[in-house]
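An overview of the molecular structure
Next come the chains, spelled out residue by residue.
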Amino acid sequence: MVRALGYILFTLAVLMGTVAGFVFFAAITDWRDRGCPGAEQCSDAVSVMVLTGCALVGAAVMAFAGMVFVRR
């Protein structure tokens, strides 16, 4: 049962990391294309980059937890 939970956590972490990586790349591309003359125009892209950075850290923690559960 714990091993199955580990596999599920690891799979979800890979999926979440992949989606967050694509969203992070889109936000960086948007931020670069705008040129950002003012803080108001860049706030959306920067906010998305911060949130997806947090999601990537969460995905790494989930992947680590999944590996620990599989090794038990």
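Whatever comes next refers back to the structure up there.
Residues numbered from 1 in each chain as written. Predicted model: local features only at pLDDT ≥ 70, side-chain atom pairs only at ≥ 80, totals over all residues. Heavy atoms only, no water.

1. Side note on the environment of Asp33
- Inspection of the secondary structure assignment puts Asp33 in helix 1 (residues 2–34).
- According to the relative accessible area criterion, Asp33 is exposed, its value standing at 64%.
- Residues Asp33 and Arg71 lie 38 residues apart in sequence; the distance between their C-alpha atoms is 45 Å. (Helix = DSSP H or I, 4+ residues; strand = E, 2+ residues; numbered from the N terminus. Buried < 20%, exposed > 50% of the residue type's maximum accessible area, 1.4 Å probe, protein only.)

2. Some points on helix 1
- End to end, helix 1 covers 47 Å across 33 residues, agreeing with the expected 48 Å (1.5 Å per residue, within 8%).
- Every buried residue belonging to helix 1 is among Gly6, Leu9, Ala13, Gly17, Ala20, Ala27 and Ile28, and all of these are buried.
- Where helix 1 terminates, the next one or two residues include Gly35, which has phi positive at roughly 80°. (Expected span 1.5 Å × (residues − 1).)

3. Comments concerning the environment of Met16
- Take Met16: it is sitting in helix 1.
- Residue classification places Met16 among the partly exposed positions, given a relative accessible area of 31%.
- Residues Met16 and Thr52 lie 36 residues apart in sequence; the distance between their C-alpha atoms is 9.8 Å.
- Non-local contacts of Met16, meaning those with residues more than four positions away in its chain, are made with Ala55, Gly58, Ala59 and Met62. (Contact = heavy atoms within 4.5 Å.)

4. Quick word on a nonpolar patch on the surface
- Taken together, Phe10, Val14, Phe64, Met67 and Val68 make up a surface patch of nonpolar side chains, about 450 Å² in accessible area.
- Only helix 1 and helix 2 (39–71) provide two or more residues apiece to the nonpolar patch.
- Looking at the nonpolar patch, the element that brings in the most residues is helix 2, giving 3 residues.
- By the secondary structure assignment, Phe64 is in helix 2.
- A residue is classified by how much of its surface remains accessible, and Phe64, at 56% relative accessible area, is exposed. (Patch = residues over 30% accessible without salt bridge, like charges linked within 9 Å, V, L, I, M, F, W, Y side chains within 5 Å. Areas by Shrake-Rupley, 256 points an atom, 1.4 Å probe, with all protein chains shown as cover. Salt bridge = Lys/Arg side-chain N within 4 Å of Asp/Glu carboxyl O.)

5. Focus: the side chain of Thr52
- On the secondary structure map, Thr52 appears in helix 2.
- Overall, the relative accessible area of 9% leaves Thr52 in the buried class.
- What Thr52 contacts, discounting residues up to four positions off in sequence, is Ala20, Val23 and Phe24.

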